[in-house]
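Below, each chain spelled out in residue letters.
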Amino acid sequence: MACKGKGLPQTNKENRIIFFKGVDFVLFYMLKSIMFSDSYYLCGRFLIINVITYTTMVNYKDLGLVNTREMFAKAIKGGYAIPAFNFNNMEQMQAIIKAAVETKSPVILQVSKGARQYANATLLRYMAQGAVEYAKELGCAHPEIVLHLDHGDTFETCKSCIDSGFSSVMIDGSHLPYEENVALTKKVVEYAHQFDVTVEGELGVLAGVEDEVSSDHHTYTDPEEVIDFATRTGCDSLAISIGTSHGAYKFTPEQCHIDPKTGRMVPPPLAFEVLDAVMEKLPGFPIVLHGSSSVPEEEVETINKYGGALKAAIGIPEEELRKAAKSAVCKINIDSDSRLAMTAAVRKVFAEKPAEFDPRKYLGPARDNMEKLYKHKIINVLGSDNKLAQ
């Protein structure tokens, strides 16, 4: 009796050995005791392993997703950056995909550990698959969509995401001593690369607060460490610290100066000398910027006009992000801006229509406002429009 099928997805070596031995032991004695032939034993072994493996692991390629390797190489060569938009719910995802399709841009759907817990890992997997199909329904024949874990803090979290269909993960060991960061990142890379999942590492610390990531200070990336880190870990991209920060409160008023023409606070410039030094050490290597929301003043003003209390919210000037996108910075993370756009639209509806209680009546305008923001970022800041392969 012949048995044909796909090869098994490779898992952690030690677990595979234990698993195979267990299956062999059970099947051998069970089937031999009822006088089954060796061919039945071999097919039974194959089927059980496939059933267990395929019901516990999802390959991102089966969801229609892609990893970041090829899109980063194109971005560096083309002088633009891929948008990495964080999302927590359906409206954010719809806005991201529609904006990406209408601007013909590749896109990274980014999920933090907290967002994954909020959305539910199983639902998230199907949302990502649905995002690909939604893009096709909107007329994009070959969407380039990445599902990426933002700020994974443990090997176990990264493994869980890889096993559930993520095409890219970030392991953030930047808070650890250097050697521990190297060891942790390398461990994630070794597991991820078995499934062609790309890995982002991080050197340097960003200040600010966003989800479960927080720090009250920033530490610039040391250019002298980047070659050693990239070589020893095998990571596919590197997040660096050059002065960006997480959250909507990126800088204190004391760190800023007043623009005499507008009367508005201007944050300190990004440390492009650090970026240049990193690029000199690692020519052509994909660089990532976190904490790159610009905190649009019009959204902050709308929020405050309708009952909000966002004081001294300051972001990264968009012209500095555009400058970075023209270099080896090929992925720029944006989260707070979409939160502000969503909140501004919701507050406006509640203030102007206090009797409204249909979620579609306030989440719909929020979705539209986020889509407008995403299109602006793609076209005017990141330069990734019209970059989809035809």
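We now turn to the structure provided with this report.

What counts and how
Residues numbered from 1 in each chain as written. Predicted model: local features only at pLDDT ≥ 70, side-chain atom pairs only at ≥ 80, totals over all residues. Heavy atoms only, no water. Helix = DSSP H or I, 4+ residues; strand = E, 2+ residues; numbered from the N terminus. Buried < 20%, exposed > 50% of the residue type's maximum accessible area, 1.4 Å probe, protein only. Contact = heavy atoms within 4.5 Å. Areas by Shrake-Rupley, 256 points an atom, 1.4 Å probe, with all protein chains shown as cover. Axes fitted to C-alpha atoms, helices over the stretch in contact; angles between N-to-C directions. Left-handed = near helix turned anticlockwise from the far one by under 90°. Salt bridge = Lys/Arg side-chain N within 4 Å of Asp/Glu carboxyl O. Pairing = 2+ DSSP bridges. 1 Å grid on protein atoms, 1.4 Å probe; cavity = no way out; pocket = protein on both sides within 12 Å on 5 of 7 lines; lining within 4 Å. Points joined across faces, edges and corners; volume = space filled by probe spheres on them. Nonpolar A, V, L, I, M, F, W, Y, C, P; charged D, E, K, R; others polar. Phe/Tyr/Trp six-rings, centres within 6.5 Å; stacked < 30°, edge-to-face > 60°. Core = buried A, V, L, I, M, F, W, Y, C linked by side-chain atoms within 4.5 Å.

## Points about the overall build of the protein chain
The helix and strand tally for the protein chain stands at 14 helices and 13 strands. Taken over 390 residues, the protein chain has a buried fraction of 52%. The long-range fraction of contacts in the protein chain, counting pairs at least 24 apart against all pairs at least 6 apart in sequence, stands at 76%. Looking at the protein chain as shown, the accessible area adds up to about 18,300 Å², and 56% of this sits on carbon and sulfur atoms.

## With respect to the packing of helix 8 (residues 178-192) against helix 9 (residues 226-233)
To characterise two packed helices, one gives the angle between the axes of the helices and the distance between these axes. At a minimum axis distance of 8 Å, the contact between helix 8 and helix 9 shows a crossing angle of 35°. Helix 9 is crossed by helix 8, and the crossing has right-handed handedness. For the pair helix 8 and helix 9, contact is made by Tyr 178, Glu 179, Asn 181, Val 182, Thr 185, Lys 186 and Val 189 and by Asp 228, Phe 229, Arg 232 and Thr 233, respectively.

## Observations regarding the pattern of salt bridges
Evaluation of the coordinates by the stated rule reveals 18 salt bridges. For Arg 69, the salt bridge identified is with Asp 236, shortest N-O distance 3.5 Å. Of this pair, Arg 69 sits in helix 3 (residues 69-78) while Asp 236 is found in the loop between helix 9 and strand 8 (237-240), placing the two residues 167 residues apart along the sequence. For Arg 339, the salt bridge is made with Asp 335, and the minimal N-O distance between the two is 3.0 Å. Among the residues examined, Arg 339 registers a relative accessible area of 29% and is labelled partly exposed. Given a relative accessible area of 6%, Asp 335 falls into the buried group. A cluster of three or more residues bridged by salt bridges with shared partners is formed by Lys 61, Arg 69, Asp 196 and Asp 236.

## Overview of the pairing of strand 8
Side chains of strand 8 alternate between two faces, with Ser 237 and Ala 239 and Leu 238 and Ile 240 buried alike. One ladder, built from four bridges, connects strand 5 (residues 198-203) with strand 8; its direction is parallel. Each bridged residue has a counterpart across the sheet, and for Gly 201 the counterpart in strand 8 is Leu 238. One ladder, built from three bridges, connects strand 8 with strand 12 (residues 287-289); its direction is parallel.

## Some words on empty space enclosed by the protein
Unoccupied space between atoms shows up once a probe the size of one water molecule is rolled over them. Scanning the model with the defined rule gives two cavities of 30 Å³ or more in all. Computed from the structure, the second largest cavity encloses a volume of approximately 50 Å³. Looking at the second largest cavity, the residues that line it are Ile 97, Ala 100, Val 101, Ser 105, Val 107, Ala 135, Cys 140, Pro 143, Glu 144, Ile 145 and Leu 388. The leading source of residues in the lining of the second largest cavity is helix 4 (residues 90-103), at three residues. Residues of the lining of the second largest cavity, tallied by class, amount to nine nonpolar, one polar and one charged.

## What to know about the packing of aromatic side chains
The geometry of an aromatic ring pair comes down to the distance between the two centres and the angle between the two planes. Throughout the structure, instances matching the rule amount to five aromatic pairs. Judged by centre distance (5.9 Å) and plane angle (80°), the ring pair of Phe 155 and Tyr 191 falls under edge-to-face. Of the two residues, Phe 155 is situated in helix 7 (residues 155-163) and Tyr 191 in helix 8; the sequence distance between them amounts to 36 residues. Since its relative accessible area comes to 4%, Tyr 191 is described here as buried.

## Structural notes on the nonpolar core
Membership of the largest hydrophobic core comes to 86 residues, with the highest contact counts inside it found for Phe 87, Leu 109, Val 169, Leu 238 and Ile 287. Of all the elements, helix 14 (residues 359-382) adds the most residues to this core, at eight residues. Setting aside anything within four residues of it in sequence, one finds Leu 238 in contact with Gly 201, Glu 202, Leu 203, Val 226, Phe 229, Leu 282, Phe 285, Pro 286, Ile 287 and Val 288. Counting nine residues, the second largest nonpolar core, distinct from the first, contains Met 71, Tyr 80, Ala 84 and Cys 330.

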